[in-house]
Structures are given as structure tokens and as C-alpha cells.
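Per-entry structural report
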Amino acid sequence: MISARTIAIVALGALLFAPAAAAETDAMILTFVEVERLEARVKDGKETLNWEAQGWIGEDYNKLWIKTEGEQQAGGKLEKAEVQVLYSRLVSDFFDVQAGVRHDFDPHPSRTFGVIGVQGLAPHFFEANAAAFVSDHGEVSARFEAEYDLLLTQRLVLQPSAEINVAAQSVRERGVGAGVNDVELGLRLRYEIRREFAPYVGLSWERKLGRTDDLARDAGEDVETLSFVVGLRMWF
Amino acid sequence: MTYAYRAGFGLAAVAFALAGAAAGGAHAGTYDLAIGKTTIDVGSGPRPALSISGQLPGPVLRLKEGEDVTINVANRLDVDTSIHWHGLIVPYTQDGVPGISFPGIKPGETFTYRFTVKQSGTYWYHSHSGPQEQEGVYGPIVVEPKGREPFKFDRDYVVMLSDWTDEKPETVLSNLKKQSDYYNYSRRTLGTFLDDVSRKGLGATVRDRMDWGEMRMAPTDIADVTGYTFLVNGRSPAQNWTALFKPGERVRLRFINGSAMTYFDLRIPGLKMLVVQADGNNVQPVPVDELRIAVAETYDVIVRPGDDRAYSIIAESMDRTGMARATLAPRPGMAADVPALRPRPQLTMADMGGAHGGMDHGAMGSQGMAGMDHSSMPGMDHSRMTGMPAAATARSDYAPGSGLEPKAANGGKFLVYADLKAMKPWRDYRAPDREIELRLTGNMERYFWSINGRKYSEAEPIRLRYGERVRLKFVNETMMAHPMHLHGMWMQLDAGNGRFSPLKHVVSVAPGKTLTVDVPADAIGEWAFHCHLMYHMATGMFRKVIVEPRSAAVN
């Protein structure tokens, strides 16, 4: 089995070795890699490693984005691992439209999706991302994410975040029910030692909802978890 | 504290390679400059920098009005370089802008500039290649007039201000593009929110936060880049560059702002400054207590220190993150009080005049630009400009209610553009033949800048006809001040002084402001025209201006 971590490393590594920028032009190509979350989550004495990273290569208007997120159990088993490769076009001062593909290596059975979404900075400084997915089995789903940086000081930042997943139809074997699947709320307190490097601690609360909740109960899984998180945010 | 400073820019900064004043007589000179590497230490350890003939800033180039100069510029770097004679009116092939005037100077090569000096005053020279200017490739030019100076002075000093960062300029730009507020360490926090609540009340504070939040902008965003050490003639505040005088003498100070990104508020506590020249051109003397010098501007002032004591020359950065400091003293080694930095300014909604609602054109590509160079034609849609403050409330250079409006530290006179009246009236002053509207635009969040919503790489050149008189109307739709610099031709700054409008090579357009200048298109060729904030220029706030012979412009 290919490790999702390997995939993430290869994906982000590809960005790093992209052609170097020509500095004196106003259309220079830059690369950006952000490990937004790399964290250990502790819930009921069980630990998982969770990651969420993204990066791009491109100029001001057109970029190639790569995003990955996932969760690995303490024993090494992958719970979730997804990678997205997207073309991203700046369509207003603050927003990009993005389209491309997503592949979920886990949970099984794996799926490939078409993706279309928007990402940017909403009024009042909310970082927002909304994306719709259509799988190779014709299943339709969507994800909404938002986060906000509340500056306690110039370097100490409290970040509330929210993610909601919805699906148009149930996919029982993947534990997905039609309707709202789950809500994840986070609260992370980071300290920016440098802008590029910030350790953090926080809480993450997940709740499965509706039919997804039913499926999880049937499978004997937790439907609500509150985790303590400790991690690193970094970019370069 | 000890400071190593290998590039050495002493009091006698005039020592540079004068390869023999040519045999042709006093009115021809040959000069040699070499662009190379050096190190600089402003207190944080030695850092790689660039130099001109081993110096940072480069040696003072002292020329004479009417002189035929030959300047050999040798490139000892491993990348291309160039030198632009900022403010000197030279043939366009000698103007030193790679890609417009000439191909640039390759590593190991020497380019020979040849031109006749047709003017006098204080100017400067700098690299126009990549970010080399930020790394140290800049120096002063002093041109002695043919005739007598119209004002008296006993001593004459160049005071070149600049901003030094230990970071590589490429890193600075990359940081800004990845996080546009990377360098803003005075952002609003929970603490400032609570302070404001206790001062202004909860309702007013929340409304204020909502207003800024809606625009996704920060009132503390005065300067894009911080972390600078501000230098006077290459010396840090601690290294305290000093100019000597005898009490009662008139001292001419030639202020040049050679910064990449920094506006300074300049004052000499205890002394009035008599402004006698702006951008190299004599103006009717105006006494002031303080003045703001935009990036790439020059001001000559005369001061007359009467007491046998030291005076501090204080140049605070506009965002008050630091200051450049030097000393006027009767004897070496003296120092005067250095006042504390004044509080940081904050932008107000007045500075947002043009930023409301209409900034999307930065990303929208093709619309709106084709006809812009002819915006005097009827039918242009100016409706988006409603809410702009009317042009030129002459006694202020800022929008009414602006948070950037400067005040003199001692409550006295602060120079405004309207105070600048040319010493001699312009002989050919008349109504312009046409007007070109130039909206200064940009994307703060993604950090790229533009004119009329288009970056340099996306835009057609601005075409002028030789002999015509064009009014440039700058409409600043951003929240930053932009020092706009036109190569090759003067801009007559319109601040209500008619034929006494001063000639400028740089005009600063404040946020939310409209400013007009008249340009006599009297120099055929291809010229650069850009914001002189280096990272704004590099990311697109730049145009090529082509002045065509009358016959060629017909088609």
C-alpha cells in the first residue's frame, strides 16, 4: 500500500523543484508550500496524526494547486488520505476559482473525484473554501471550510475554524450518508515564532450527523469526538 | 558598539575615480564607475551588499551644467546591471533602463554612457535592474550650474537617505506575495480592540472594525515592508553621519531619498529649513519646519545654525517603524538629542477613497483599458469615481480626513506641494492638448500593482506625440501613496501655481487622491514611467511611454 504520507511528500516535493522564478518580471512564477496543520490529536487516550497541507506554483492569475489532508492512526493505519490537484484562476481581488481532481486513497474503497470550488478571503477576513465533488461513481458531495485569525498579540493568534461536509447520496461502504455528514470545529492557539513557523495547541470537535451518524453507530464507531491537538503550522 | 563598514562613505565622499578630466577642457569629463559586491554592517553583522566603485552609496558624481560627460560603467557582478541617471534629461538610449533604453550591461562588460548635462541641481543615479537598487546600487549626482546659484550658502552637503534590509529583496517580494501583511507587526489585535472600546465605545469600535473588515484592509498598512535600518549616506543611526559647520554659516543640505520603499518625514529640531530646490529645480525659497520626502524625490534646503552646538537631522519613516539620523555639529564627535519616534499613523476611510468597491479590475483582464490613454474623450465612465475627494485641496496633499496627513513635530510649518513655486515661470505654459487618466490600481492581498488595472506585462505603451502637452491625471484607487516617476521629461506639478508650477521627476500621489501634472512631450524616444516603490514597480506598476515624431503618430 502506498503511504499517504509518501504521496503528500511527493506532491509537495514536486512544487519545490519547479522552475526557478525570474525575479524582474511582474509575471514571475513563485512556489508556495504551506503545512497548515501537522498535529497529533489525542482523544480518549488514542492518538492520531493529522495533516492538512497545500501549495501552489504559478503567477498572480494562474496557479497549479496541490492540497492534501489525512489522518493516520497511532499504529500506522490510514483512516483518511486525500490529494487534490487543481488549476486555480484569480477571478477577483480576493478569490480564486479552482477546478481539478481529487483522489481519496483512504477510506476504502478509494475514489477519484472531479472538483470545482472557490477559495479566498471573504469579507471580515474569513479564509473560506467551498468545493463540490463528483466521484467516478457519480456521487456528489461538497465541503465548506472557514477559518479566522483572531490576533491576541502580534504573534499570538487564536484561530477558530469550521468544516462541514455534505453528500447528495449515501455511500454506505465509505460510511457516508445523504445530507450533512459531519461538522468539525477547531480552536487553535498558535505562536508565530516567525511568520513561517508557528507551533500551536488547541481543540478539535467532530460530530457526525444524520444518516452518516447512523452508519457510524451501526459500525460501532464514535459519532462525536473531542480531541486535544498539538502541532505545527509552517510555510515556505 | 563597533561597526565594521567596509564600503566607507565618509565626510569627504567626493573621492572617486575621475579618470582625468578630458583634455577637451572644463566642459568634458570622463568618469568610471564599477558595479560590484561589498558587505555592509548596520549593527546586525556583515551582510552581502552591492556597491558602486566599492562604495555604498556610490561616489558623488559631481558634474557641471553644459558638460559633455562620458561615463564608463563596468559590471563586476555575475548578473546584468544598469545605471539610470535619475532626473537627468538625457537621450533615451543613455537613460539606462534595460529593455527600454538599452539591453543592459552584461557581466564583465562595460557600457559607456555619453550625454550633455543640460541642467543643474541635485539628482541621483541607481541601478534599474531587478532589485539592485535595494541592495546598494545608488549614489548622488550634484550638477553645478553655469551661472551663479540664486541663494547663498557656505557649506554644501549631500544627505542621501536609504532603507537597508538584511533580507534579500527576492525574499521580501516573495514573502509579500505569500502573505501580504508579512511585515506588518502593528496589526490590530484584541488589545487594540479593547483600547478602542474604552476610548470610543463599543458601538463605534465595532462599526469601525466592520468597515475595515468589509474591505479586507488594514488601517495599519502604511508601509509594505518593515525591518529596515534607515541610513544617511550609508550610515546607520548609531553610526551617526555628521556634517560640520561654524555657527552662523549657511549650510546647504541636499536631501535625496534613495530608498526602495520608504517615505521620510524630515526635520532638524531647533532649525528652520529653507527649501530652495525640489527634484533639482530651484523653487522660490520657502521656510518650513518639516517636510515629507517621497521615495526618489530630492529637496535642497538651507539651514543656518546659530549656536555652537550639535543639531540632529531626523528622518522618521512615514510608518514610524524607525528613523534615519545624522548630525550637524561644529566639531566632530558631537551629538544632539534624538527625539523618540512619534506615534504610528493609521489610515482612515478617507484614504480608502478609491478603494471602495471597485478594485476587481486588477484581475479582470481585458476590460476597460483600450481607450484609457484617450480618456479626455467624452463618454468615459467616470461614475466609479464619485466619492473621490475633489482634486487638489491645495493646502494639503492628502484626502480630507486622511490618516497620513503629516504635522510638524513642533506644530509649525509642514511643506506641501502647493508651497513649491518654480523660481522662474515656465516659458511655454499653456493649457494641455489632452488629458490621460491613469488610475493607480493594485491587488493588496495578492501583492501586485498596476495602472488602469493592468500590469506592465499586460499593457500597451502610452503613446505621446512630440511637441504636444499632455495632462496626466493620477487617480489613486489604492490605500498606498505612490511616488510616480517619469523618465526623460519633466512633470509640471499642478498644485494651483500656474506657470510657476514646479518641475518634478517624481510626484507622490496620496491614497484616495487625484493629482494632475502637465508633461511637455519634448523628448522623442521610449521612456520608463513607474511607481518608484521598488516592489510596486517590480510587480507591475510600470508603463513604457513612447514619444513619437509628429508624422509617425498619424497612423
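What comes next is a walk through the structure. Note that the structure is a prediction, hence the values are computed from the model and not measured.

Here we look at the overall build of chain B
On a plain count of helices and strands, chain B comes out with 5 helices and 30 strands. Partitioning the intrachain contacts of chain B with sequence separation of at least 6 by distance along the chain shows that 78% fall at a separation of at least 24.

A word on helix α2 (residues 169-178) of chain B
Buried within α2 of chain B are the following residues: Pro 169, Val 172, Leu 173, Ser 174, Leu 176 and Lys 178 of chain B. Against β1 (30-43) and β13 (224-235) of chain A together with α1 (132-135) and α5 (534-538) of chain B lie the buried residues of α2 of chain B.

Quick word on the sheet that holds strand β16 (residues 290-293) of chain B
All names here are of chain B. Judged by pairing direction, the sheet is mixed, and its 5 strands sit side by side in the order β11-β19-β18-β13-β16 without closing on themselves. The sheet is open, and its two edges are formed by β11 (241-244) and β16, each paired on a single side. Strand-to-strand twist of the sheet, defined as the mean angle between neighbouring strand axes without regard to direction, takes the value 20°. The sheet contact formed by strand β13 (residues 264-267) and strand β18 (residues 311-317) spans 4 bridges and is antiparallel. Paired with Leu 266 across the strands is Ala 315, a residue of β18.

Points about the interface of chain B and chain A
Counting from both sides, the interface comprises 31 residues of chain B and, opposite them, 25 residues of chain A. Listing elements by their share of the side of chain B that touches chain A, those giving two or more residues are α2, α3 (190-200) and α4 (202-215) of chain B. Taken together, the residues of the side of chain B that touches chain A break down into 9 nonpolar, 11 polar and 11 charged.

Details of the pairing of β13 of chain A
All names here are of chain A. For β1 and β13, the ladder comprises 7 bridges, and the chain directions are antiparallel. Of the residues in β13, the one forming a bridge with Leu 38 is Leu 232. Here strand β12 (residues 197-208) pairs with β13 via 11 bridges, running antiparallel. Note that in β13 the partner of Phe 197 across the bridge is Met 234.

Re the environment of Phe 414 of chain B
Residues and elements named next belong to chain B. Examined against the element boundaries, Phe 414 turns out to sit in the loop between β19 (323-329) and β20 (434-443). The exposure class assigned to Phe 414 is buried, which follows from the 20 C-beta atoms found within 10 Å. A C-alpha to C-alpha distance of 5.8 Å links Phe 414 and Val 288, two positions 126 residues apart in sequence. Setting aside anything within four residues of it in sequence, one finds Phe 414 in contact with Val 288, Asp 289, Glu 290, Leu 291, Pro 406, Lys 407 and Ala 408.

Describing the pairing of strand β4 (residues 78-90) of chain A
One ladder, built from 11 bridges, connects strand β3 (residues 62-73) of chain A with β4 of chain A; its direction is antiparallel. Residue pairing for β4 of chain A: Gly 70 of chain A is matched across the bridge by Ala 81 of chain A.

Some thoughts on unusual backbone geometry
Going from Asp 106 of chain A to Pro 107 of chain A, the amide bond is cis rather than trans, its omega being 0°. One can find Pro 107 of chain A in the loop between β5 (95-106) and β6 (111-122). Look at the link from His 108 of chain A to Pro 109 of chain A: it is a cis peptide, with omega at -5°. Checked against the element boundaries, Pro 109 of chain A lands in the loop between β5 and β6. Positive phi outside glycine occurs at Asp 279 of chain B, with the angle close to 50°. According to the C-beta neighbour criterion, Asp 279 of chain B is buried, with 26 such atoms within 10 Å.

Calculation criteria
- Residues numbered from 1 in each chain as written.
- Chains lettered and ligands numbered in written order.
- Predicted model: local features only at pLDDT ≥ 70, side-chain atom pairs only at ≥ 80, totals over all residues.
- Helix = DSSP H or I, 4+ residues; strand = E, 2+ residues; numbered from the N terminus.
- Contact = placed C-beta atoms within 7 Å.
- Buried ≥ 20, exposed ≤ 12 C-beta atoms within 10 Å, placed from the backbone.
- Pairing = 2+ DSSP bridges.
- Axes fitted to C-alpha atoms, helices over the stretch in contact; angles between N-to-C directions.
- Nonpolar A, V, L, I, M, F, W, Y, C, P; charged D, E, K, R; others polar.

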